[in-house]
Amino acid sequence: MLSVFVPSEFSLKKATATDLGALPEGAVWVDLVNPTVEEDRAVEKLAGIAVPTREDMQEIEISSRLYMENGARYMTATLMCHSDTDMPRTTAVTFILTGHRLVTVRYDLPKPFALVENKLARACSPGITGEQVLMELLDAVIDRCADILERCGAEIDQVSHDIFEPESARHGQAKRYSQILISIGRKGDLTSKVRESLVSIGRVVTFLSAVVEGVKWSKDMREQLKTMQRDVASLTDHASYLSNKITFVLDAMLGVVNLEQNNIIKLFSVMAVVLMPPTLIASVYGMNFKVMPELEWVHGYPMALVMMLVAAVVPYWIFKWKKWL
């Protein structure tokens with residue numbers, strides 16, 4: 001799908017490219033989503049660039065993600081997708097600045113793109129350029145990462161509360177340890193993906209800061225780049241903090257599970273020790289020897305019951321006195 005954005009008087013209008021051979025020259029932003037070969041060729045003819053393939057965008061080395069070619073600046077970043085679902089994932093997005101036009105190539109639907117489209121459709125400067133659109137996109141991506149980290153931090157705090165809640169609150173309630181472990185795993189996966197996205201965005205911002213030294217960008221845009229660098233650095237540190245906290249919560253959860261298992265094993269051990277003397281007494285009087293004096297005794301049966309009861313109570317009382325229970 002090909003979307004072409006042309007600045008109007010007070011907004012950025014989205015034009016449907018029905019004729020690929022006649023794309024508007026005044027377009028400041030060309031957005032390629034799952035592009036076809038014909039769309040790639042049309043954009044290459046309009047902007048005078050080579051549109052990277054999906055395989056090229058998935059390269060992980062820096063030289064394949066951040067480079068200049070024929071005066072155009074190619075920047076590929078890893079962005080978050082579907083972060084509000086149980087299956088978040090990342091996708092590679094390429095930003096190409098050529099002249100004052102921005103070309104974006106993507107194969108998924110990151111939420112910041114829709115937010116920027118709606119924002120610029122409502123109001124924007126009539127003389128908006130591709131550089132300004134790129135700054136809006138990067139700012140929206142950073143804000144989105146911050147929102148995800150804030151939500152993830154709040155959910156981790158809730159998981160921590162569920163693990164360390166008072167004993168009185170846990171009494172009589174079955175702990176859903178499997179659900180807590182799954183929740184911790186999902187938060188860890190989401191946090192690692194956000195951190196990966198922040199690292200890639202930080203590289204893009206650093207690359208932009210380096211290449212604008214010889215370009216006449218406005219002072220406000222240079223200051224915005226510096227602000228983005230500080231935001232990315234702080235968010236990356238926060239993502240690392242959340243990763244460490246998730247590791248701590250996971251260790252605590254496994255420790256709680258081990259304690260619960262030990263308590264269950266201890267209970268079985270105590271029951272085995274308590275029942276062992278009565279079992280011994282019952283075994284003795286269950287033997288089939290001919291000469292057993294107590295067998296002829298009228299009070300033999302009550303005596304055996306009393307002996308078994310005392311033999312069970314005495315070990316239990318000793319465990320309680322030693323505070324082993």
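What comes next is a walk through the structure. (Residues numbered from 1 in each chain as written. Predicted model: local features only at pLDDT ≥ 70, side-chain atom pairs only at ≥ 80, totals over all residues. Heavy atoms only, no water.)

### A few points about the overall build of the chain
Right, so step 1: Of regular secondary structure, the chain possesses 9 helices and 7 strands.
Right, so step 2: Buried residues in the chain amount to 41% of all 325 residues.
Right, so step 3: Of all intrachain contacts in the chain linking residues separated by at least 6 positions in sequence, the fraction that spans at least 24 positions is 65%.
Right, so step 4: When the accessible area of the chain is evaluated, it comes to approximately 18,700 Å², of which 59% is carbon and sulfur surface. (Helix = DSSP H or I, 4+ residues; strand = E, 2+ residues; numbered from the N terminus. Buried < 20%, exposed > 50% of the residue type's maximum accessible area, 1.4 Å probe, protein only. Contact = heavy atoms within 4.5 Å. Areas by Shrake-Rupley, 256 points an atom, 1.4 Å probe, with all protein chains shown as cover.)

### A closer look at the pairing of strand β3 (residues 29-33)
Right, so step 1: In terms of residue burial, β3 counts as a mostly covered element, since 5 of its 5 residues are buried.
Right, so step 2: Side chains of β3 alternate between two faces, with Trp29, Asp31 and Val33 and Val30 and Leu32 buried alike.
Right, so step 3: The pairing of β3 with strand β7 (residues 101-106) spans 5 bridges and is classified as parallel. Its bridge partner lying in β7, Val30 is registered against Val103. (Pairing = 2+ DSSP bridges.)

### Considerations on a nonpolar patch on the surface
Right, so step 1: Together, Val306, Leu309, Val310, Val313, Val314, Trp317, Ile318 and Trp321 make up a nonpolar patch on the protein surface, roughly 810 Å² of accessible area in all.
Right, so step 2: Considering the arrangement of structural elements, one finds Ile318 in helix α9 (residues 300-321).
Right, so step 3: With relative accessibility at 33%, the residue Ile318 sits in the partly exposed group. (Patch = residues over 30% accessible without salt bridge, like charges linked within 9 Å, V, L, I, M, F, W, Y side chains within 5 Å. Salt bridge = Lys/Arg side-chain N within 4 Å of Asp/Glu carboxyl O.)

### Digging into the side chain of Lys187
Right, so step 1: Among the structural elements, Lys187 can be located in helix α7 (residues 177-211).
Right, so step 2: In this structure Lys187 comes out as buried when scored by relative accessible area, which is 13%.
Right, so step 3: Once residues within four sequence positions are removed from consideration, Lys187 is found in contact with Cys152, Glu155, Ile156 and Ile246.

### Remarks on the packing of α7 against helix α8 (residues 219-284)
Right, so step 1: As a packed pair, α7 and α8 sit with axes 9 Å apart at the nearest point and diverge in direction by 160°. One finds that α7 runs roughly antiparallel with respect to α8. With respect to the hand of their crossing, α7 and α8 are arranged in left-handed fashion.
Right, so step 2: In terms of residue class, the contact of α7 with α8 is made up of 21 nonpolar, 9 polar and 3 charged. (Axes fitted to C-alpha atoms, helices over the stretch in contact; angles between N-to-C directions. Parallel < 35°, antiparallel > 145°, perpendicular 65-115°, else oblique. Left-handed = near helix turned anticlockwise from the far one by under 90°. Nonpolar A, V, L, I, M, F, W, Y, C, P; charged D, E, K, R; others polar.)

### A closer look at the pattern of salt bridges
Right, so step 1: Applying the stated criterion across every chain yields a total of 11 salt bridges.
Right, so step 2: The shortest N-O distance in the salt bridge between Arg144 and Asp84 comes to 3.1 Å. Placement of the pair is Arg144 in helix α5 (residues 130-163) and Asp84 in the loop between β5 (72-81) and β6 (89-98), with a sequence separation of 60 residues.
Right, so step 3: On the basis of relative accessibility, which here comes to 15%, the residue Arg144 falls in the buried class.
Right, so step 4: For Arg186, the salt bridge is made with Asp86, and the minimal N-O distance between the two is 3.8 Å. Of the two residues, Arg186 sits in helix α7 while Asp86 sits in the loop between β5 and β6, which places them 100 residues apart along the sequence.
Right, so step 5: Taking the relative accessible area as the measure of exposure, Asp86 reaches 52% and is therefore exposed.
Right, so step 6: Each of Asp84, Arg144, Arg151, Glu155 and Lys187 takes part in one network of salt bridges that share partners.

### Details of helix α1 (residues 37-47)
Right, so step 1: Restricting attention to buried positions, one finds in α1 the residues Glu39, Asp40, Ala42, Val43, Leu46 and Ala47. One side of α1 holds all its buried residues, which, seen down the axis, span an arc of 165°. Exposed residues pointing more than 90 degrees away from the buried face of α1 are listed as Arg41 and Lys45.
Right, so step 2: The inward-facing, buried residues of α1 abut β1 (2-7), β3, β6 and β7.
Right, so step 3: At the exit of α1 stands Gly48, carrying a positive phi of roughly 70°. (Arc of directions from axis to C-beta.)

### Considerations on the nonpolar core
Right, so step 1: Trp29, Met75, Phe95, Ile201 and Leu208 are the most contacted members of the largest nonpolar core, which totals 58 residues.
Right, so step 2: Put simply, the parts of the chain that give this core at least two residues each are β5, β6, α4 (111-122), α5, α7 and α8.
Right, so step 3: When residues of this core are assigned to their parent elements, the largest contribution, 16 residues, is made by α5.
Right, so step 4: The contact partners of Ile201, leaving out residues within four places of it in the chain, are Ala77, Leu79, Leu138, Val141, Ile142 and Val232. (Core = buried A, V, L, I, M, F, W, Y, C linked by side-chain atoms within 4.5 Å.)

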